[in-house]
Amino acid sequence: MPEEDLLELRFRLYDGSDIGPIRYSSSSTVAMLKERIVSEWPRDKQIIPKIANDVKLISAGKILENSRTISQCKPTFGELPGGIITMHVVVQPSSAKSKTEKKVDELPKKAACYCSIL
């Protein structure tokens, strides 16, 4: 693999600690990065993602899509020859998502109120 096809990435966790830096191929997908983050997540943390979908990667203020490759996200990264790119990791466990999303059926029903104008 040629040297220019590798990018050095560091993942900043919610408490300021890091995973990496680790070299990745520019053809690696964001989903692959998330899998690696979940597998290398420090077990002594208060919040631990269980699956890759619990993790969101943010670079330059943008949430990266799972299907995109690192090379497709390069404009987001900018041109940093030989530099380490830091991405922020946000953990949103699946159970937290389901608690915040309410179905229409679960919303409280209001008593009907009618007005008659005579």
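Residues numbered from 1 in each chain as written. Predicted model: local features only at pLDDT ≥ 70, side-chain atom pairs only at ≥ 80, totals over all residues. Heavy atoms only, no water.

Colleague: Teacher, can you tell me more about the pattern of salt bridges here?
Modeller: Between side chains of opposite charge, a pair can form as their charged atoms come close. Applying the stated criterion across every chain yields a total of 4 salt bridges. Across the salt bridge formed by Arg10 and Asp18, the nearest N and O atoms sit 4.0 Å from each other. With a shortest N-O distance of 2.4 Å, Asp18 and Arg12 are connected by a salt bridge. One connected set of salt bridges, linked through shared partners, spans Arg10, Arg12 and Asp18. (Salt bridge = Lys/Arg side-chain N within 4 Å of Asp/Glu carboxyl O.)

Colleague: Sorry if this is basic, but what is going on with the sheet that holds strand 3 (residues 55–59) here?
Modeller: Strand pairing in a sheet takes place through backbone hydrogen bonds and is either antiparallel or parallel in direction. Spatially, 2-1-5-3-4 is the arrangement adopted by the 5 strands of the open sheet, whose pairing is mixed. On the outer flanks of this sheet lie strand 2 (18–25) and strand 4 (62–63), each paired with one strand and no other. Pairing of strand 1 (residues 6–12) with strand 5 (residues 84–91) involves 5 bridges; the strand directions are parallel. The partner of Glu8 across the bridge, within strand 5, is Ile84. Contacts between helix 1 (residues 30–40) and the sheet are confined to strand 1, strand 2, strand 3 and strand 5, with strand 3 contributing the most and set at about 115 degrees to the helix. (Pairing = 2+ DSSP bridges. Helix = DSSP H or I, 4+ residues; strand = E, 2+ residues; numbered from the N terminus. Contact = heavy atoms within 4.5 Å. Axes fitted to C-alpha atoms, helices over the stretch in contact; angles between N-to-C directions.)

Colleague: Help me out: how do you make sense of the packing of aromatic side chains in this one?
Modeller: The relation between two aromatic rings is expressed through the spacing of the ring centres and the mutual angle of the planes. Applying the stated rule across the entire model yields 2 aromatic pairs. Aromatic side chains Phe11 and Tyr24 sit 6.0 Å apart centroid to centroid with 70 degrees between the ring planes, which places their arrangement in the edge-to-face category. Note that Phe11 is positioned in strand 1 and Tyr24 in strand 2, a separation of 13 residues in sequence. What makes Phe11 buried here is its relative accessible area of 0%. With a relative accessible area of 7%, Tyr24 lands in the buried category. Taken together, a centroid distance of 6.5 Å and an interplanar angle of 20 degrees make the contact between Tyr14 and Trp41 stacked. With Tyr14 in the loop between strand 1 and strand 2 and Trp41 in the loop between helix 1 and strand 3, this residue pair connects regions lying 27 residues apart in the sequence. Residue classification places Trp41 among the buried residues on the basis of a relative accessible area of 2%. (Phe/Tyr/Trp six-rings, centres within 6.5 Å; stacked < 30°, edge-to-face > 60°. Buried < 20%, exposed > 50% of the residue type's maximum accessible area, 1.4 Å probe, protein only.)

Colleague: Explanation requested: the environment of Lys34 in the structure shown.
Modeller: Here Lys34 lies in helix 1. The sequence separation of Lys34 and Val89 amounts to 55 residues, and the corresponding C-alpha distance is 9.1 Å. For Lys34, the side chain forms a polar contact with the main-chain oxygen of Val55, separated by 3.0 Å. (Polar contact = N/O pair within 3.5 Å; in protein donor to acceptor, adjacent residues only side chain to side chain.)

Colleague: Is there a simple way to think about the nonpolar core in this case?
Modeller: Side chains of a nonpolar character, in soluble globular proteins, are inclined to be buried together. Of all hydrophobic cores here, the largest spans 21 residues; its most connected members are Leu9, Phe11, Leu33, Leu57 and Val89. For this core, the elements supplying multiple residues, two or more each, are strand 1, strand 2, helix 1, strand 3 and strand 5. Apart from residues no more than four positions distant in its own chain, Val89 is found in contact with Phe11, Arg12, Leu13, Tyr14, Ile37, Trp41, Val55, Lys56 and Leu57. (Core = buried A, V, L, I, M, F, W, Y, C linked by side-chain atoms within 4.5 Å.)

Colleague: Please explain unusual backbone geometry as it appears in this structure.
Modeller: Negative phi is the rule for most residues except glycine; trans is the rule for most peptide bonds. The amide bond that connects Gly20 to the next residue, Pro21, takes the cis arrangement and shows omega of 15 degrees. Along the chain, Pro21 turns up in strand 2. Residue Ala60 is not a glycine yet carries a positive backbone phi of 55 degrees. Along the chain, the position of Ala60 falls in the loop between strand 3 and strand 4.

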